[in-house]
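Each chain is listed here by its residues.
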Amino acid sequence: MFGRVSSLVLAATAALSLGALGIIVHGAIVAVPTPVLYNHYSSLWGAGMLWLVGVELVLLSRALDAGVPVGGATSAYFAAIGACALIYGVAYAVDTRFDNLVWGLLKALACAGAIIAVRRGARVPLDTDALEAGTSHKCGDAVSGDARTRSAPARAAARCALGALRLLHLLLSLLLAAGAGVCAYAATAYPPSGVLTTVLVNGERVAINVRCVSPPAGTPKPDVPRTHLPRLWLTSSPAHGATGDFFGLQHFLAGQGYASCAHDPPGYGSSARLRYVAVETGAYLPQLIEAIEPDGAQIALVAWGGGSSAAVQLGAGARGVDGNVRGRAFRIAAVVLINALPSSYEWAEAQRERGWTDAQRDAYRSASLRSRLSLTQLILSLASAWPLMPVVIPLMPPPAEYWPADRYAELRVAAWRPQLWVNQYWGLRAMVESRDEDDPLVSAAPLPRTLPLGHIVCDLSGDVPCQRGGGQPPLDDAACAAARRRADFARAQQEEMTRALQPNGARREFAHDERCSLGSPVVDFPEHTAALVSGLLAKLLD
């Protein structure tokens with residue numbers, strides 16, 4: 001009988017060994033974070049499933065060696081989990097996750113070996129007398145006093161345990177295959193909206209999607225006393241980019257007469273992922289601009305959210321971490337910030353509202369960031385590995401003023417890619433390990449006196465902070481008073497930061513309605529935001 005199952009034993013040993021090695025490697029990377037920028041939770045699942053199929057191969061070889069009848073149901077089972085493993089591997093290969101392709105192919109091969117062994121074993125005559133006791137009991141049968149029948153219920157219980165194990169294995173295989181399919185869909189559902197441009201980022205050559213939009217022919221020139229207008233470069237955090245976020249703003253800025261470029265950060269939208277060492281936008285933005293703009297070009301930076309730090313860093317003269325082979329130079333004509341706040345604002349606001357000491361504020365900051373890290377890890381380990389991202393971030397109708405409405409699904413699907421959440425994870429880790437004083441919005445002050453700086457600031461008063469939008473009733477009196485205090489504090493923080501960045505006199509454009517505070521001004525209200533940006537640029541470029 002050994003000759004019949006010897007190859008199966010070898011396959012089981014290999015599956016157990018390789019699966020265990022994968023669990024150790026990927027588990028160690030998860031437990032002690034290393035700068036290898038992949039979702040190692042999905043790899044951990046793949047290695048774990050390979051180890052599990054190795055266990056089943058061992059059980060199958062023992063059953064065949066003992067002459068236990070193994071039929072078509074077992075073959076169908078291994079065919080099902082093998083097909084799931086193949087889907088898992090190929091789908092992740094579409095998303096350039098070739099480590100998961102290896103786990104999927106190995107598991108599929110192991111399942112193919114099991115099917116071959118089952119078919120060969122089925123052709124060997126069985127000793128039916130020896131099996132009579134083992135087949136006359138089902139799960140839960142009572143154990144009799146006879147020694148021979150005592151082994152029969154034990155075998156029945158073993159069959160029940162094996163059935164439960166197989167059901168769990170099949171369910172997990174289906175979930176992982178579906179999760180891999182969601183990742184592949186998110187990576188390929190929409191073609192790049194711009195042009196892929198290769199730049200150096202931390203020594204890696206990375207293809208970054210850049211979308212540039214020019215004003216239509218015949219568009220009136222803005223009322224600015226300049227012969228050549230600077231092209232606007234729009235930037236945001238690593239979780240936002242040209243794919244979806246800036247479609248509307250670029251369109252309406254073009255209607256105002258301004259050409260603009262936006263990009264997808266590495267790992268977001270249509271841009272390739274970084275393999276090692278997460279970097280901030282400011283580390284590669286100079287090289288990206290140099291790769292697109294001609295020598296001596298004038299540009300203006302328009303920054304929203306987390307992109308404000310990168311814009312200020314670049315305006316202060318930072319050149320990033322890598323040189324660019326083209327060696328081109330550009331000049332920054334102006335910097336415009338859209339509702340920017342220093343990273344310390346959230347903790348300072350909590351301290352003001354609750355009357356905390358500095359030590360309590362710092363403890364709250366640490367606990368809050370670590371809880372967000374845990375949430376990101378949960379998304380990567382379950383929601384992304386399983387097909388739950390469409391549930392976490394479902395497709396829904398676009399906001400009333402989003403443009404173009406038919407591209408809103410692209411924005412939602414972009415958030416299904418696991419690399420976005422890997423970027424989020426490393427961004428949060430950087431915040432945990434740094435000080436708020438290191439934020440360029442604070443540390444870069446003051447900017448060069450000759451650099452025009454503008455800031456679109458929410459100036460909400462009266463009942464505006466109390467509006468909730470979406471047809472919901474306004475906040476009650478107590479909540480409304482708290483919202484007014486938060487709005488006043490945020491405006492004071494923005495004013496202080498803006499004055500520190502440009503003591504020579506920064507321009508401000510005040511947004512007085514709820515469109516500044518409800519949702520995202522760039523994504524949800526692009527036409528309104530474009531008008532504010534255009535008005536501010538007219539003051540900065542005079």
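Residues numbered from 1 in each chain as written. Predicted model: local features only at pLDDT ≥ 70, side-chain atom pairs only at ≥ 80, totals over all residues. Heavy atoms only, no water.

Given two aromatic rings, one states the distance between the centres and the angle between the planes to describe the pair. One pass over the structure, following the stated rule, counts 11 aromatic pairs. Chaining the aromatic ring pairs together yields one cluster made of W347, W356 and Y364. Its end group placed over the ring of F489, R352 keeps NZ or CZ at 5.4 Å from the ring centre. The ring of Y364 carries R354 above its face, with NZ or CZ at 5.3 Å from the centroid. (Phe/Tyr/Trp six-rings, centres within 6.5 Å; stacked < 30°, edge-to-face > 60°. Lys NZ or Arg CZ within 6 Å of the ring centre and 35° of its normal.)

Applying the stated criterion across every chain, the model contains two disulfides. Residue C212 pairs covalently with C261 via a disulfide, S to S 2.0 Å. Here the disulfide of C212 and C261 is right-handed, its torsion about the S-S bond being about 105°. Here C212, found in strand β2 (residues 204-213), pairs with C261, found in strand β4 (residues 260-263); they are 49 residues apart in sequence, far enough to count as distant. (Disulfide = S-S within 2.5 Å. Helix = DSSP H or I, 4+ residues; strand = E, 2+ residues; numbered from the N terminus.)

What follows deals with the side chain of H26. Secondary-structure assignment places H26 in helix α1 (residues 2-31). For H26, a relative accessible area of 8% corresponds to the buried category. In this structure H26 touches H40, S43, L44, D99 and W103, once residues within four positions along its chain are discounted. (Buried < 20%, exposed > 50% of the residue type's maximum accessible area, 1.4 Å probe, protein only. Contact = heavy atoms within 4.5 Å.)

Together, L375, L378, L382, L388, V391 and V392 give the surface a local cluster of nonpolar side chains, amounting to about 500 Å² of exposed area. Looking at the nonpolar patch, the element that brings in the most residues is helix α11 (residues 358-384), giving three residues. Along the chain, V392 turns up in helix α12 (residues 389-392). (Patch = residues over 30% accessible without salt bridge, like charges linked within 9 Å, V, L, I, M, F, W, Y side chains within 5 Å. Areas by Shrake-Rupley, 256 points an atom, 1.4 Å probe, with all protein chains shown as cover. Salt bridge = Lys/Arg side-chain N within 4 Å of Asp/Glu carboxyl O.)

This brings us to helix α9 (residues 307-315). In terms of burial, α9 is largely enclosed, as eight of its nine residues are buried. Considering only its buried residues, α9 is in contact with β3 (231-235), α8 (285-292), β5 (297-304), β6 (330-338), α15 (440-443) and α16 (477-501). Downstream of α9 by one or two residues, G317 has phi in the positive range, about 110°.

On to the sheet that holds β3, then. Read from one edge to the other, the open sheet built from eight strands follows the order β1-β2-β4-β3-β5-β6-β7-β8, with strand pairing classed as mixed. Pairing within the sheet leaves two strands with one partner each, and these edge strands are β1 (195-201) and β8 (507-511). Within the sheet, the average angular offset between the axes of one strand and its neighbour, ignoring direction, is 25°. Two strands pair when backbone bridges link them, and β6 and strand β7 (residues 453-458) are joined in this way by four bridges, in the parallel orientation. Looking across to β7, one finds that I338 is bridged to I456. (Pairing = 2+ DSSP bridges. Axes fitted to C-alpha atoms, helices over the stretch in contact; angles between N-to-C directions.)

A separate point is the confidence of the model for the protein chain. Caution is warranted with low-pLDDT regions, since their predicted coordinates should not be read in detail. The share of residues in the protein chain with pLDDT of 70 or more is 91%, and the mean pLDDT across the chain is 87. Within the protein chain, the element-level pLDDT minimum falls on helix α5 (residues 128-135), averaging 43, and the maximum on β4, averaging 98. Confidence drops under a pLDDT of 50 for residues 126-137, and excluding neighbours within four residues, the segment shows 21 contacts in the predicted structure. Throughout residues 140-150 the model reports pLDDT below 50, and contacts reaching past four residues in sequence, or to other chains, amount to 12 contacts. (pLDDT = per-residue confidence, 0-100.)

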